[in-house]
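# Summary of the model geometry
Take a look at the letters that make up each chain.
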Amino acid sequence: MTARTEGAAQTAGGERTAGAEQAAGAEQAVGGERTAGVEQAAGAEQGADAEQAAGAGRGAGAGQAAEAAQGAVGAQTAGGPRTAGAVWTAGAPPAAALLLARRLPRRPSLLIAATVACVGIPPGAQPFGAGAQVTLGDVAGAVLVLVAAGMLATGRARLPGRAALAVGPLIAALGISTVHSADIGTSLVGFVRDLQVFVLVPLAVVVLVRDRRDLGVVCWSVLGLGLVEAVYGIWQTLTGNGASMGGQNIRAVGTFGALDVMAMSIVVGFAFLVLTAFALTAPRHGPAAVPSALAGIAVLAAALAFALSRGTWIALGAAAVLVLVLFDRWTAVKVLTCCGALMLVLLGAGGGGSQAVVERAKSTVGSVSDPDQSVDDRYNLWAAAVRIWEDHPVTGVGVKNFPAYRDTYATIELSSGSETDDPVNGYVRQPLLSPHNEYLLFLSEQGVVGLAGFAVLLAMIVAGLWTRRDVRDPFWLASVALMAFLLVNFLYADLGGPTCALVGVILGFTAAYALGTVDLSGGRLHDRTR
């Protein structure tokens, strides 16, 4: 059969003539004929899905390639149909995403490290819009999402199939709850925030993390931020420049200040767990690795003690013990014994802050039988959240609408707000805007639909980590520890403030390992579900 002189140059049976004329934007065949439809758009990667016949043509009916790159808009043979998947139609990503994707560094995970670093920059005092505080970490997270979108658009990466299954129910639940909200305007702000933390930033991290080096970049960035905050927090306690506790400015809050009193403890807690995971495997990296890891852990532990955050202590203890037991039970016994001795040393050398740590620890033990005002307020907020859900069981009252219903369902014993004070912000009385429990927040604001969507996301990550368990891999240990910390910490706290972007990164890090998108032998990104 005669081939066309222009355009597709393709025979009726599906063979291309020797010479392989190139369609607009399609990759040129070198030295031979290709299977019908195996044209790749310009800029698309050659992968296992794109078979090329070199030097010899294939018979008619050889079949179309499984994956045609989506990046070449308008890659169409003259007079013939468009290559499957080569054209973006509705929902094309913005031009900014494409521009950012073309100017990426060789290792895009460095952008994740930059996002983590931005979390530690002090936020502005004034909220944006309907009480939503936008930090530099949030802006960096938005850039991260744009870059990931650009990479997907240009064919430099692809979204794993399991990721869509993990976040799909949550996206649907958020939309349903927002539509049924009594105050849709307020709920839209909460919709964007939840979408950022639980969907967009984690998916961006999954796209940008391609191999073990990328996992290492994320871990080192979290560890670096945690050590900086820890050193600054210790200085605050020793010099009396921290947040007020018992009339003294001795509570370590890092760069976040008293307005986000728990933020430093969460950041340092993440770093502590990452370093613990690597310390367990440190002996294989030389004689200096173990002492260096232990020195870092000591600094982080001191800062965590001076942070005086009881919820973080509980979550951190549960996560650390879990990882130690999974690694080796006898090692767990030895490490916990040493940690107990180290804690005594730190308390003895803690100066004015040591007594506050002891009193705080005692109040944690007595929080059930003899709760203080802070714990009692938390119990009242939990009860109010449950009552709200009982009256709005399916879709809740709408995202970010808990404060509007709080006083109607809370008892008279609930305080009007919490008090904070530090040398930078002075005395501030902050309203109680959430139940301080992420699960109850989902239940009261989004009902069983929202909680079910949230549970699907968490369950798929946990199941994936268990399926790919490797107790000698520090990245697996770190992923398990971080996920366990979040699951327990959500019982005593909910998201807000500057750590939202960091939590999104941590979820993305654990999801990248759990969903099987990283070749742990050091290879390139792939999706094992396909």
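Residues numbered from 1 in each chain as written. Predicted model: local features only at pLDDT ≥ 70, side-chain atom pairs only at ≥ 80, totals over all residues. Heavy atoms only, no water.

Before going further, it helps to examine the overall build of the protein. Helix and strand counts for the protein come out as 16 helices and 4 strands. When each of the 530 residues of the protein is scored for burial, the buried share is 48%. Restricting to contacts in the protein with at least 6 residues of sequence separation, those with at least 24 account for 72%. A total of about 23300 Å² of accessible surface is found on the protein, and carbon and sulfur atoms cover 62% of it. (Helix = DSSP H or I, 4+ residues; strand = E, 2+ residues; numbered from the N terminus. Buried < 20%, exposed > 50% of the residue type's maximum accessible area, 1.4 Å probe, protein only. Contact = heavy atoms within 4.5 Å. Areas by Shrake-Rupley, 256 points an atom, 1.4 Å probe, with all protein chains shown as cover.)

This part is about the pattern of salt bridges. Under the counting rule described, the total for this entry stands at 4 salt bridges. The partner of R193 in a salt bridge is D138, and the shortest N-O contact between them spans 3.0 Å. Linking R193 in helix α5 (residues 184-208) with D138 in helix α3 (residues 136-153), this pair joins segments that are 55 residues apart in sequence. The two residues R193 and D138 agree in class, both being buried. (Salt bridge = Lys/Arg side-chain N within 4 Å of Asp/Glu carboxyl O.)

Before going further, it helps to spend a moment on the nonpolar core. Counting 105 residues, the largest nonpolar core has F198, F270 and L273 as the members making the most contacts within it. Per element, the largest residue contribution to this core is 14 residues, and it comes from helix α7 (residues 263-280). What F198 contacts, discounting residues up to four positions off in sequence, is V167, L170, E438, F442, F454, L457, L495 and L507. Grouped together as the second largest cluster of nonpolar side chains are 13 residues, I388, L432, L440 and L443 included. (Core = buried A, V, L, I, M, F, W, Y, C linked by side-chain atoms within 4.5 Å.)

Looking now at the environment of A182. Within the secondary structure, A182 sits in the loop between α4 (161-179) and α5. Between the C-alpha atom of A182 and that of G396, which follows or precedes it by 214 residues, the distance is 9.9 Å.

What follows deals with helix α6 (residues 212-239). Here α6 is 28 residues long and its end C-alpha atoms lie 41 Å apart, about the 40 Å a rise of 1.5 Å per residue gives. A side-chain oxygen of the first residue of α6 lies 3.1 Å from the backbone nitrogen of R213; this N-cap is D211. Positive phi appears at G240, one or two residues downstream of α6, with a value of about 75 degrees. (Expected span 1.5 Å × (residues − 1). Polar contact = N/O pair within 3.5 Å; in protein donor to acceptor, adjacent residues only side chain to side chain.)

A word on empty space enclosed by the protein. In the structure shown here, the tally under the stated rule is 3 cavities of 30 Å³ or more. Surrounding the largest cavity, A163, A166, V167, F198, P202, L203, V206, L457, I461, L507, A511 and L515 form its lining. Mapped onto the lining of the largest cavity, the elements with two or more residues apiece are α4, α5, α14 (438-467) and α16 (500-514). Partitioning the lining of the largest cavity into residue classes produces 12 nonpolar, no polar and no charged. (1 Å grid on protein atoms, 1.4 Å probe; cavity = no way out; pocket = protein on both sides within 12 Å on 5 of 7 lines; lining within 4 Å. Points joined across faces, edges and corners; volume = space filled by probe spheres on them. Nonpolar A, V, L, I, M, F, W, Y, C, P; charged D, E, K, R; others polar.)

What follows covers the packing of α6 against helix α8 (residues 289-307). Between α6 and α8, whose axes approach to 8 Å, the crossing angle comes to 55 degrees. One finds that α6 runs oblique with respect to α8. Where α6 crosses over α8, the handedness of that crossing is left-handed. Mapping the contact onto sequence places L223, G226, L227, A230, V231, I234 and T237 in α6 and G296, V299, L300, A302, A303 and F306 in α8. Here the residues of the contact of α6 with α8 sort into 10 nonpolar, 3 polar and no charged. (Axes fitted to C-alpha atoms, helices over the stretch in contact; angles between N-to-C directions. Parallel < 35°, antiparallel > 145°, perpendicular 65-115°, else oblique. Left-handed = near helix turned anticlockwise from the far one by under 90°.)

This part takes up the confidence of the model for the protein. Residues at a pLDDT of 70 or more form 73% of the protein, whose mean pLDDT is 77. When the criterion is pLDDT under 50, residues 1-92 qualifies, and its contacts beyond four places in sequence or with other chains add up to 132 contacts. Across residues 523-530, where pLDDT falls below 50, the model places 29 contacts with residues more than four positions away in sequence or in other chains. (pLDDT = per-residue confidence, 0-100.)

Quick look at the packing of aromatic side chains now. This structure, assessed with the given rule, holds 10 aromatic pairs. With a centroid separation of 4.3 Å and an interplanar angle of 5 degrees, the aromatic rings of F442 and F454 are classed as stacked. Their ring planes at 50 degrees and their centres at 6.0 Å tell us that F454 and F490 sit as a pair that is tilted. Remark: F490 occurs in the loop between α15 (474-489) and α16 and F454 occurs in helix α14; sequence separation between them is 36 residues. Judged by relative accessible area, which is 1%, F454 ranks as buried. In this structure, R469 packs its charged tip against the face of W466, placed 4.1 Å from the ring centre. (Phe/Tyr/Trp six-rings, centres within 6.5 Å; stacked < 30°, edge-to-face > 60°. Lys NZ or Arg CZ within 6 Å of the ring centre and 35° of its normal.)

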